[in-house]
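Chain by chain, the residues:
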Amino acid sequence: MSPGKLVIAIDGPAASGKSTTARLVAERLGYVHVDTGAMYRAVTLKVLRAGIPPADGQGIARLLETTHVALRREGELIRVLLDGEDVNAEIRSPEVTRAVSAVSRHRSVREMMVREQRRMGAEGGLVLEGRDIGTVVFPDADLKFFLIAGIEARARRRGEELRARGISPDLGGLIEEIRERDSLDSTRDESPLRKAEDAIEIDTSHLTIEEQVRVVVERVRAVGEGKGA
Ligand code: DC
């Protein structure tokens, strides 16, 4: 049975396995996967292209007045559109990764992203992944997960991802970058990264992807049956 129309929140720090888990869980359940980090990355790309310093909240708020970020589904892939342009590759660049936490902390950015995410989630049937889904975007989500993993496991995974795209990072640098981003994301004033009280915590350090996905899918099916979905 495929439980229909639930809203599933998956939050956690950088490289904790959220994206892969969310994508595969959505695929198995026939749900839509919403990568909210990709939306913050798209805004960051626009800020960098415009030459606006990531700390300039007013400049960014002005830029947002003429900015449109959308996610489009193409078969099993989700494409991020920035003002209609497919920016899927650019948003994963090291420059965007370095600046994204500084851009995401501004209230104007968060308000715009959250509005769009709630609009997408209104009908259910969604797996959303990010930092504030269970706490701010959908505090009433049907099921919330909080993924964590040891820093070395996370850096290793991020390294594999980058190598697959032809970039060869050094492990020490990646550990630094992930620590820095987690620290900025969890200490900001606006909707910081934190585990919702009712979220189920999963430590993915020693789990295979298949195991992570299975834990989440089984929980979702149980809740779906309980709700008669
Ligand atoms: O999941 P990711 O690494 O692609 O996310 C990139 C950044 O976007 C992350 O460091 C902080 C920000 N972000 C956020 O503030 N809120 C979210 N719901 C998702 C991402």
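Bear in mind the structure is a predicted one, so any value in this text is a computation, not a measurement.

1. Let's talk about unusual backbone geometry
Located in the positive-phi region is aspartate 83, a residue other than glycine, with phi close to 50°. Here aspartate 83 is to be found in the loop between strand E4 (77-82) and strand E5 (85-86). With a relative accessible area of 39%, aspartate 83 lands in the partly exposed category. With a phi angle near 35°, serine 191 is a residue other than glycine that sits in the positive phi range. Mapped onto the fold, serine 191 is located in the loop between helix H8 (171-187) and strand E8 (200-203). You can call serine 191 buried: its relative accessible area is 15%.

2. Let's talk about the sheet that holds strand E1 (residues 7-11)
Read across the sheet, five strands follow the order E2-E6-E1-E7-E8 without closing on themselves; strand pairing throughout is parallel. Looking at the sheet topology across the chains shown, the edges are occupied by strand E2 (32-35) and E8. Averaged over neighbouring strand pairs, the angle between their axes works out to 20° when direction is ignored. Relative to strand E6 (residues 126-130), E1 is paired through five bridges, and the arrangement is parallel. Among the inter-strand pairings, alanine 9 is bridged to a residue of E6, identified as leucine 128. Its contacts with the sheet put helix H1 (residues 18-29) on E1, E2, E6 and strand E7 (143-148), and the angle it makes with E6 is roughly 180°. Its contacts with the sheet place helix H9 (residues 209-226) against E1, E7 and E8, and it is angled at close to 165° to E7.

3. A short note on helix H5 (residues 107-121)
Relative to the 21 Å expected for 15 residues at 1.5 Å per residue, H5 spans 21 Å between its end C-alpha atoms, a close match to the ideal helical length. Along H5, the residues that are buried comprise Val109, Arg110, Met112, Met113, Val114, Glu116, Gln117 and Gly121.

4. Topic: the nonpolar core
In terms of nonpolar packing, the biggest core is built from 34 residues, with Val43, Val69, Val80, Val109 and Met113 touching the most fellow members. The leading source of residues in this core is helix H2 (residues 36-49), at seven residues. Apart from residues no more than four positions distant in its own chain, valine 109 is found in contact with Tyr40, Val43, Ile60, Leu64, Val103 and Ser104. Ranked by size, the runner-up nonpolar core spans 19 residues in total, among them Leu6, Ile10, Leu143 and Leu147.

5. Re the site of the ligand
In the vicinity of the ligand, 15 residues are found, and the nearest of them are Arg41, Asp132, Arg181, Asp185 and Arg188. For the ligand, an oxygen atom lies 2.9 Å from a polar atom in the side chain of arginine 110. Measuring from an oxygen atom of the ligand, one finds a side-chain N or O atom of arginine 131 at 3.0 Å. Notes on the ligand: free accessible area 450 Å², of which the protein chains cover 98%. Considering each element in turn, the shell around the ligand owes the most residues, four residues, to H2. By residue class, the composition of the shell around the ligand is two nonpolar, five polar and eight charged.

6. Some points on the pairing of E7
Counting buried positions over the six residues of E7 gives five, a clear majority of the element. When E7 meets E8, the two strands line up parallel, connected through four bridges. Paired with isoleucine 148 across the two strands is aspartate 203, which belongs to E8.

7. Quick look at the sheet that holds strand E3 (residues 69-74)
Sheet architecture is open: three strands sit in the order E3-E4-E5, paired in antiparallel fashion. With partners counted over all chains shown, the strands left at the sheet margins are E3 and E5, one partner each. The sheet contact formed by E4 and E5 spans two bridges and is antiparallel. Residue pairing in the sheet places leucine 82 in a bridge with glutamate 85 of E5. Sitting on the sheet, H2 touches E3, E4 and E5, and the angle it makes with E4 is about 30°.

8. Comments concerning the side chain of threonine 67
Tracing the chain through its elements places threonine 67 in the loop between helix H3 (57-64) and E3. Only 2.7 Å separates the side chain of threonine 67 from the backbone oxygen of leucine 63, close enough to count as a polar contact. Residues within four places of threonine 67 in sequence aside, it is in contact with Lys46, Leu82, Asp83 and Met112.

Calculation criteria
- Every chain's residues receive numbers from 1 upward, in the order its sequence appears when written.
- Totals for whole chains, interfaces and linings use every residue, but because this is a predicted model, local features are given only for residues with pLDDT of at least 70 and side-chain atom pairs only at 80 or more, for both listing and counting.
- Hydrogens are left out, water is left out, and the side-chain values use all remaining heavy atoms of the structure.
- Only DSSP runs of H or I covering at least 4 residues are called helices, and only runs of E covering at least 2 are called strands; the numbering of each starts at the N terminus.
- Under the scheme applied here, a residue whose accessible area is under 20% of the maximum for its type counts as buried, over 50% as exposed, and between as partly exposed, the area being computed with a 1.4 Å probe on protein chains only.
- Should DSSP find at least two bridges between two strands, the strands are regarded as paired.
- Axis lines are fitted to C-alpha atoms, over the contacting stretch for helices. Their N-to-C directions set the angle, which ranges from 0 to 180 degrees.
- Here, two residues are considered to be in contact whenever any of their heavy atoms come within 4.5 Å of each other.
- Residue count minus one, scaled by 1.5 Å, sets the expected span of a helix.
- We define the nonpolar core as a collection of buried residues of types Ala, Val, Leu, Ile, Met, Phe, Trp, Tyr and Cys that are connected through side-chain atoms lying within 4.5 Å of one another.
- We call a residue near a molecule or strand when any one of its heavy atoms sits within 4 Å of it.
- Definition of a polar contact: a pair of N or O atoms within 3.5 Å, with one able to donate and the other able to accept a hydrogen when the atoms are protein atoms, and with sequence-neighbouring residues admitted only if both atoms are side-chain atoms.
- Calculation of accessible area relied on Shrake-Rupley with a 1.4 Å probe; when residues are assessed, cover is drawn exclusively from the protein chains displayed.
- Under the grouping applied here, Gly and all other residues not named as nonpolar or charged are polar, the nonpolar ones being Ala, Val, Leu, Ile, Met, Phe, Trp, Tyr, Cys and Pro and the charged ones Asp, Glu, Lys and Arg.

Shape is all these values report; function is a separate question.
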